[in-house]
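# Tertiary structure, described
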Amino acid sequence: MLQPAFPLLEILAQLPPGGLLLTPTNRLRNRCQQVYGAQQAAGSCWAPPPVESLQGWLDKCWFQLQQRNWQPALRQVLNREQRQLLWQRALDQSLDRQLLNSQQLCRDADSALSQLVQWRLLTDPGTPDEILPPLLEQFALARADFPLFDMIDAFQTQLQSHNAITQDQRDQLIARAFREGVLLRIPRLALAGFAQISPLAEEIVTLAAEQVTRCESPEAKAQITCAPCADLEDELLQAARWAADKLRQNPGAGLGIVVNNLGQCRAQVENIFARVLEPQWLSPDQPRYTLPFNFSAGTPLAQTPVGAAAIQLLELLRDQWDYAQLKNILFSPFWAGWDGEKDLHLRSALFRQLQKLELWQIDGATLRYRAEKIAAELSPESPLPTQLEKVADFARRWQRAPGEIWAQRFSQTLETLGWPGPRNPDSQEYQQLTQWEGALEELAALSAFAGALTLNQALQQLNQIANRSPFQAETRDSPVQILGVLEAGGLAFDHLRLVGFGQQQWPPPPSPNPLLPMPWQKHWQMPRASAERELELARQITRDLLGASTDITISFAREEDGVQQQLSALFGQLPQAATVNGDPLESFYLQLESAAALEKIEDAQLPPLPAEERARVRGGASVLKAQALCPLNAQLQYRLGAASYQAPALGLSAAERGNLVHQVLAHFWLSFPEGRADAFSLHQLQGEERQQRIHEAVENAIREKQAQHRQLPAGFWQLEHQRLTRLLEQWLEVEETRPDFAVTRIEWEQPIELAGLGFHLRLDRLDTLPSGEQLVIDYKTGVPSINDWLSERVREPQLPLYALMQTEARAIAFAQVRNGDRKFKGCGDLSEPIDGIKAVADTRKESPFDNWEQLVDHWHSGLTQLAEEYREGYAALVFQRPADNFAQRDLWPLNRWPERVQTAE
């Protein structure tokens, strides 16, 4: 068991009746009580020792004053959120905050007032106008240069209107109560473990006791070494290995690891220590248990599993989410109904369908509609649609309300969703549930200060409360204590390791309050005011740390923020400690590396396509294109369903914009009477009638797309209307330069069969020329190339497939519809040439094909081969072009391309 660094039992034995031992932290106070209890005889009855933390003792003093109905104490002591709200009102009344970070400014003002009170510069905050002028004159300062004091006046007015005080003003009243005899003095107060104490706390202690003693820790003759490390991660890794080595030597040893700035790197510390000391704990299948180390720094309630899940589920009330938010909400294990395979499958199918919409944000109506539709198909008994509808009804009905009403509403919402889930919570989750109820009570306590809140404001306040409420699990004592610098004061360890004590981190740099006069802060030695004060405090803490154990190792990073550094000069010259190498996880990795090489067998064959899937192949011509680019990726995409969706973007995606162009062109040609969509009719269509026809085609196409994107404003669609109108006008100019033609088919669905596989294709357009020849056209808004038609493996099979099915076709072409770059790009053998459509023999230099018939034969054999490969399950991971591999990088987690490259190297 860890011991206090001071002689606890001796101090307690010397206390007279009614005496009290004060510690700076609850952690040290609890440790003293545990050590005292361990010395008592088993089975005996004994009273708790007279040990209190300073804040715990002040809380009890305040409670006594209120129990006695002492008039000055009949006020409410505000918490942080309540003070923040009043500071915000004070800021609104006293300053122009147009260009200010008001929340940070209010926090700085709260801290500044606290320092003024604790350092006894404002002995009566109610009359700052009488106290401040002499202090300002003493340093030749002008009040107008410090807007803080105007804010303090406005803040004091707000406090008086609510009959409230701050915690520091409470301490002033406690000092007054001892001075006036309202609270009886204590025979003796003993202070132990304090590195610093404010003047106000010093005054209270002096007034409260007949005698005050300060218990110093005896100096220990320690063996001290230093451990240079590469960086913070290396420091933590070395510390974890050091702790594991000490525990192997003596499982009962008390180890202390003091991490400078622990609050900023707690998650990294926990991950590294768990990886070294308990590697199996990182497995998702491992039940949670108490780790062999604990922290002095707690985790914010908002980052605990229960707290984070509650905040996420309450986001359902907002009725609009992005995909990341919705994914966390839908798959939260704390949402009742998630415990069955059916419900998990339902939510997965719902999320996949929503992803396919590729929306920037999902609104509540879309979510509820899709959930109801999928639930009816997959799991009619699922409570999901009903739960979503109830939450939506809450959001519609709930308007502005005080915090206490929102606390009830949030509880009702979580109850509707079955939070915290169907299973019994474990010990830590139960503690988190209890603390969550406390967070809701704090939200309710804001009613008198915040007034009526909107939903967003209430959620924001609750989030702030949960983020500032540290959760510290109540667990059994652990052999390894991971502490911050101040929390380690007053404790003794068998072995101690200090982490992060390079010359740039220790002493810490000063950080004075930006709102207080700098001369004041330096003169009265306020916290973080100057480098001199930080140096003196660091020297005192260093002395205490070096006296906390007889075996101490101090580590530092050789480089900090790109600058080389050494160990802090406060520790002097120290011998270097041995590097600790090896841990269970690293040993396991080394065993894997040194294991016998596995035999590798190339297997590029999947089972053949089942007969029921051959009649209509999912994916159409895209299947053959994927098979040409990479056989394995084709099988992964179209047989195993490996799909990736484009990241949602503001407005329309490139694919949607291209699809709009297709729809506009289709609507334009369909607007002609049957049999009249030809070159002659196009030339006759001029003037207002032509503009009206173009306008209607664009309107019809946009109307269909608007239904899918209701969140886009009218101004966006006006810009899109202008773009499409201009694009169609430009393209019709290209059409008018062609020889006579007649549009025979538009958006024509056509089933075809190839190598025993059935494909359902959609042809953009088929034109018939005066000679009876047919031209197959595919609209493209990009920059297509006809070279993919001529390669050994046909990489663009769609138009060649159409040509095979149309016996009268003598040419195929891309219609490149781009702003400022409009043309046909194709090949064939036409009796009357068209600009951009080359003769087969002229498609490339030394073309292997002399005429249309040879090219069609090539397509038939090439596409048949691709269809047969897909049908028989051929799945080699090969690419003709590296660019094709990179374009399909979303499939790397499945085809394991990076691992294959790494293995080959």
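The text that follows walks through the structure, step by step, so that each part is easy to find. (Residues numbered from 1 in each chain as written. Predicted model: local features only at pLDDT ≥ 70, side-chain atom pairs only at ≥ 80, totals over all residues. Heavy atoms only, no water.)

### Overview of the pattern of salt bridges
A side chain with one charge can pair with a side chain of the opposite charge if their charged atoms come near. Applying the stated criterion across every chain yields a total of 48 salt bridges. A salt bridge links Arg795 to Asp788, with the shortest nitrogen-to-oxygen separation between them at 3.1 Å. Per residue, the accessibility class of Arg795 equals that of Asp788, and both read buried. Close ionic contact of Asp788 with Arg881 constitutes a salt bridge, the shortest N to O distance being 3.5 Å. Remark: Arg881 occurs in the loop between helix H32 (852-872) and helix H33 (882-887) and Asp788 occurs in helix H30 (residues 787-790); sequence separation between them is 93 residues. Put simply, Asp319, Arg368, Glu389, Asp393, Arg396 and Arg397 are held in one network by salt bridges that share partners. (Salt bridge = Lys/Arg side-chain N within 4 Å of Asp/Glu carboxyl O. Buried < 20%, exposed > 50% of the residue type's maximum accessible area, 1.4 Å probe, protein only. Helix = DSSP H or I, 4+ residues; strand = E, 2+ residues; numbered from the N terminus.)

### A closer look at the sheet that holds strand E25 (residues 821-828)
Working definition: the strands of a sheet are paired by backbone hydrogen bonds and lie parallel or antiparallel to each other. If you walk across this open sheet you meet the six strands as E21-E22-E23-E24-E25-E26, and the pairing is mixed. In this open sheet, the two edge strands, each paired with only one partner strand, are strand E21 (742-754) and strand E26 (837-839). Taken pair by pair, the neighbouring strands of this sheet meet at an average axis angle of 35°, ignoring direction. Two elements, E25 and E26, share three bridges in a ladder whose sense is parallel. Directly across from Cys827, in E26, lies its bridge partner Lys838. Running at roughly 145° to strand E24 (residues 809-818), helix H31 (residues 798-805) makes contact with E21, strand E22 (757-768), strand E23 (774-780) and E24 of the sheet. (Pairing = 2+ DSSP bridges. Axes fitted to C-alpha atoms, helices over the stretch in contact; angles between N-to-C directions. Contact = heavy atoms within 4.5 Å.)

### Focus: empty space enclosed by the protein
Here the structure, examined in full by the defined rule, presents four cavities of 30 Å³ or more. Lining the largest cavity are Val661, Val664, Leu665, Leu724, Leu727, Leu728 and Val817. Broken down by secondary-structure element, the contributors of at least two residues to the lining of the largest cavity are helix H26 (654-670) and helix H29 (714-736). (1 Å grid on protein atoms, 1.4 Å probe; cavity = no way out; pocket = protein on both sides within 12 Å on 5 of 7 lines; lining within 4 Å. Points joined across faces, edges and corners; volume = space filled by probe spheres on them.)

### Structural notes on the sheet that holds strand E3 (residues 51-53)
Overall, parallel pairing links the four strands, which are arranged E3-E2-E6-E7 in an open sheet. Two strands lie at the open edges of the sheet, namely E3 and strand E7 (209-215), each paired on one side alone. Sheet twist, expressed as the mean angle between neighbouring strand axes with direction ignored, is 25°. Here three bridges tie strand E2 (residues 20-23) to E3, and the two strands are oriented parallel to one another. Its bridge partner lying in E3, Thr23 is registered against Ser53.

### What about the side chain of Asp778?
Residue placement: Asp778 occurs in strand E23. Taking relative accessible area as the criterion, Asp778 reaches 5% and is therefore assigned buried. Discounting chain neighbours no more than four positions away, the residues touching Asp778 are His662, Asp764, Gln798, Leu799, Ala813, Phe814 and Ala815.

### Section: the packing of H26 against helix H28 (residues 687-706)
Two packed helices can be described by the angle between their axes and the distance between those axes. Viewed as axis vectors pointing N to C, H26 and H28 meet at an angle of 135°, and their least axial separation amounts to 8 Å. On the basis of their axis angle, the class for H26 and H28 is oblique. The element H26 and its partner H28 pack so that their crossing is right-handed. For the pair formed by H26 and H28, the contact residues are Glu656, Asn659, Leu660, Gln663, Val664, His667 and Phe668 on the first element and Arg693, Ile694, Ala697, Val698, Asn700, Ala701, Ile702, Glu704 and Lys705 on the second. Residues of the contact of H26 with H28, tallied by class, amount to eight nonpolar, four polar and four charged. (Parallel < 35°, antiparallel > 145°, perpendicular 65-115°, else oblique. Left-handed = near helix turned anticlockwise from the far one by under 90°. Nonpolar A, V, L, I, M, F, W, Y, C, P; charged D, E, K, R; others polar.)

### Section: helix H12 (residues 305-314)
Most of H12 is tucked away: seven of the ten residues are buried. Val306, Gly307, Ala309, Ala310, Ile311, Leu313 and Leu314 are the residues of H12 that are buried. Of the surrounding elements, those touching the buried residues of H12 are helix H13 (323-330), helix H17 (403-416), helix H18 (427-444) and helix H20 (455-468).

### Let's talk about the packing of aromatic side chains
Inspection of the entire model under this criterion finds 28 aromatic pairs. Taken together, a centroid distance of 3.9 Å and an interplanar angle of 5° make the contact between Trp87 and Phe155 stacked. With Trp87 in helix H4 (residues 80-94) and Phe155 in helix H7 (residues 148-161), this pair connects stretches of sequence that are 68 residues apart. In terms of burial, Trp87 and Phe155 fall into one category: buried. Centroid distance Phe501 to Trp506: 5.2 Å. Interplanar angle 70°. Geometry classified as edge-to-face. The same class applies to Phe501 as to Trp506, namely buried. An aromatic cluster is present here, built from Phe139, Phe146, Phe149, Trp520 and Trp524 joined pairwise through their rings. Sitting over the ring of Phe741, Arg738 keeps its end group 4.1 Å from the ring centre. The residue whose ring lies beneath Arg889 is Phe886, and the NZ or CZ to ring-centre distance is 4.2 Å. (Phe/Tyr/Trp six-rings, centres within 6.5 Å; stacked < 30°, edge-to-face > 60°. Lys NZ or Arg CZ within 6 Å of the ring centre and 35° of its normal.)

### Description of the pairing of strand E9 (residues 255-259)
Along E9, five of the five residues are buried, which leaves the element largely enclosed by surrounding structure. The alternating pattern of E9 places Leu255, Ile257 and Val259 and Gly256 and Val258 on opposite faces, both of which are buried. Of the strand pairs in this sheet, E9 and strand E15 (residues 480-483) are connected by four bridges, and their pairing is parallel. Along E15, the bridge assignment pairs Leu255 with Val480. Note: E9 against strand E17 (residues 495-499), five bridges, orientation parallel. Looking across to E17, one finds that Val258 is bridged to Leu498.

Worth remembering: the numbers are spatial, not functional.
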